Amino acid sequence: MEKKILKSVIQVFSGLLMFLTFTFFPEDPGYTKEVRGVTEKTIKVGAIFDLTGPVATIMKPIVEAIRNYTRYINDQGGINGRKIEVLVEDDRYSVPAAISAFKKLMHRDNIFALLGPGSTGETRVLMDRIMKQKLPCLPLAGDPDVIEPYKRYLFLSIDTYRTEIGVLYDYMIEIAKPKKPKIALALVDAAGKVVITRETEKWERFFGIDIHTILIPLNVLDTTSEVLTLKKKDIDYIIVGHSIPTVALFLKDAKRYGLDAKIFATYSATSEDVIKLAGDAASNFYGVHPFSSWYDDSHGMVKLR
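Definitions and limits used
Residues numbered from 1 in each chain as written. Predicted model: local features only at pLDDT ≥ 70, side-chain atom pairs only at ≥ 80, totals over all residues. Heavy atoms only, no water. Helix = DSSP H or I, 4+ residues; strand = E, 2+ residues; numbered from the N terminus. Buried < 20%, exposed > 50% of the residue type's maximum accessible area, 1.4 Å probe, protein only. Contact = heavy atoms within 4.5 Å. Areas by Shrake-Rupley, 256 points an atom, 1.4 Å probe, with all protein chains shown as cover. Salt bridge = Lys/Arg side-chain N within 4 Å of Asp/Glu carboxyl O. Phe/Tyr/Trp six-rings, centres within 6.5 Å; stacked < 30°, edge-to-face > 60°. Pairing = 2+ DSSP bridges. Axes fitted to C-alpha atoms, helices over the stretch in contact; angles between N-to-C directions. Right-handed = clockwise from strand over helix to strand, strands pointing away. Parallel < 35°, antiparallel > 145°, perpendicular 65-115°, else oblique. Left-handed = near helix turned anticlockwise from the far one by under 90°. Nonpolar A, V, L, I, M, F, W, Y, C, P; charged D, E, K, R; others polar. Polar contact = N/O pair within 3.5 Å; in protein donor to acceptor, adjacent residues only side chain to side chain. Expected span 1.5 Å × (residues − 1).

Enquirer: Tell me what's going on with the overall build of the protein chain, and back it up with residues and numbers.
Expert: Each helix and strand in the protein chain was counted, giving 10 helices and nine strands. Evaluated residue by residue, the protein chain yields a buried proportion of 51% over its 305 residues. When contacts within the protein chain are restricted to residue pairs at least 6 apart in sequence, long-range pairs at least 24 apart make up 68% of them. For the protein chain, the accessible surface area stands at approximately 14,800 Å², while carbon and sulfur atoms represent 53% of it.

Have a look at this one:
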């Protein structure tokens, strides 16, 4: 997973660096306009991610990837001679902590741009503040509302849940071609459920099918009741939107209690770590992800390796 996320962040961060270079640092040495967070020697970039909370297994490799790529750029001389300084704040997957982190980075550290937040709820809360401060920002929230309608300073760095769910539905309906599929959503009981539910309902109307939805607590230690509920309803396909450990736990419980359904995940849990944790219980596990794998032979991955 760390390798896949490293590739993902390099794509995202390199886009930000290009934005920085061509927008604010042209080659003309006569350019003297003062830019917030930028000195003659440094560029301050903030980052807000969960490092100690329930989705730290996803976010910590992202932060390490940002640091790795920053070192890579700085070792080559930085951006027009300016070294990147990354300041990372831990929001613990908490809206109050994200707001506090944003205020510190914005008003005390005086950053030029922001990477993150790493989740939907925190991004939604901070969007107005980001726009007011005219702060270039690349959040990791698959929420179409981040960019629709167009927002000048927000650059969505992943694909939206709308597209992800659409890809999964295309497989379930158009490729597998079941006669009367029974589909369920098993979602984390957090802010992201609102967006995933809304976007899934659009595909539900498009394909003319009904969906059963259950919520799984954020820090759940057992998914037996959820698995048995879905088994009782004889569900064929399940889309799980949760953390890596919980999806692995869900897969194990599904096998233990004989839930014979294909289980899908959105990008946050489409990870080799899920397979490692779940073992052979992951034999019916599928996922969708907007980024390349470490093993791909694309030009970017060859360069990264």
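Enquirer: Describe the pattern of salt bridges, with residues and values.
Expert: Tallying each qualifying case throughout the model produces 15 salt bridges. The shortest N-O distance in the salt bridge between K104 and E89 comes to 3.0 Å. In this pair, K104 sits in helix α3 (residues 95-108) while E89 sits in strand β2 (residues 83-90), placing the two residues 15 residues apart along the sequence. Residues participating in the shared-partner salt-bridge network are R124, D143, D145, E148, R162, R198, E199 and K202.

Enquirer: Pulling in residues and values, what's your account of the packing of aromatic side chains?
Expert: Tallied over the entire structure, the rule returns 10 aromatic pairs. A network of ring pairs unites the aromatic residues Y169, W203, F206 and F207 as a single cluster.

Enquirer: Break down the sheet that holds β2 for me, citing the residues and quoting the values.
Expert: Spatially, the four strands line up as an open sheet ordered β2-β1-β3-β4, and their pairing is parallel. One side of each edge strand has no neighbouring strand; the edge strands of this open sheet are β2 and β4 (137-138). The pairing of strand β1 (residues 42-49) with β2 spans eight bridges and is parallel. Directly across from G46, in β2, lies its bridge partner L87. Taken strand by strand, helix α2 (residues 56-75) contacts β1, β2 and β3 (113-115), and its axis lies near 165 degrees from that of β2.

Enquirer: Before we move on, could you go through the environment of G241 and cite the residues and values that matter?
Expert: By the element assignment, G241 lies in strand β7 (residues 237-241). The spatial distance from the C-alpha of G241 to the C-alpha of K193 is 7.8 Å, given a sequence separation of 48 residues. If near-sequence neighbours (up to four positions away) are discounted, G241 is found in contact with A186, L187, V188 and T266.

Enquirer: Which residues make up the pairing of strand β5 (residues 183-188), and what are the values?
Expert: Judged by how many residues are buried, β5 sits mostly within the fold: six of six residues are covered. As judged from the six bridges shared by β5 and strand β6 (residues 211-216), these two strands associate in the parallel manner. Of the residues in β6, the one forming a bridge with I183 is I211. Handedness of the β5-helix α6 (residues 192-207)-β6 crossover: right-handed. Direction of pairing for β5 relative to β7: parallel, over a ladder of five bridges. Of the residues in β7, the one forming a bridge with I183 is Y237.

Enquirer: Can you tell me about the packing of helix α5 (residues 161-175) against α6, naming the residues and giving the values?
Expert: Two quantities define a packed helix pair, namely the angle between the helix axes and the distance between the axes. Between α5 and α6, whose axes approach to 9 Å, the crossing angle comes to 40 degrees. In terms of orientation, α5 and α6 fall into the oblique class. Relative to α6, the crossing made by α5 is right-handed. Where α5 abuts α6, its residues Y161, R162, I165, G166, Y169, I173 and E174 lie against V195, I196, E199, T200, K202, W203 and F207. Looking at the contact of α5 with α6, its residues break down into eight nonpolar, two polar and four charged.

Enquirer: An account of the environment of K151 is requested, with residue identities and associated values reported.
Expert: Inspection of the secondary structure puts K151 in the loop between β4 and α5. As for K151 and M127, which are separated by 24 residues in sequence, their C-alpha atoms are 9.3 Å apart. Only 2.7 Å separates the side chain of K151 from the backbone oxygen of D145, close enough to count as a polar contact.

Enquirer: Before we move on, could you go through the sheet that holds strand β8 (residues 262-265) and cite the residues and values that matter?
Expert: Reading across from one edge, β6-β5-β7-β8-β9 is the order of the five strands in this open sheet, with parallel pairing throughout. At either margin of the open sheet sits one strand with a lone partner, and together these are β6 and β9 (285-287). Each strand axis lies, on average, 25 degrees off the axis of its neighbour in the sheet, ignoring direction. Seen against the sheet, helix α7 (residues 224-232) touches β5, β6 and β7 and runs at an angle of roughly 170 degrees to β6.

Enquirer: Run through α3, naming residues and quoting values.
Expert: Under the 1.5 Å per step criterion, the end-to-end length of α3 is 19 Å for 14 residues, consistent within 8% with the ideal 20 Å. All buried positions along α3 are accounted for by A97, A98, I99, A101, F102, L105 and M106. As for α3, its buried residues are in contact with β1, β2, β3 and α4 (120-133). Immediately beyond the C-terminal end of α3, within one or two residues, lies N110, with a positive phi of roughly 60 degrees.

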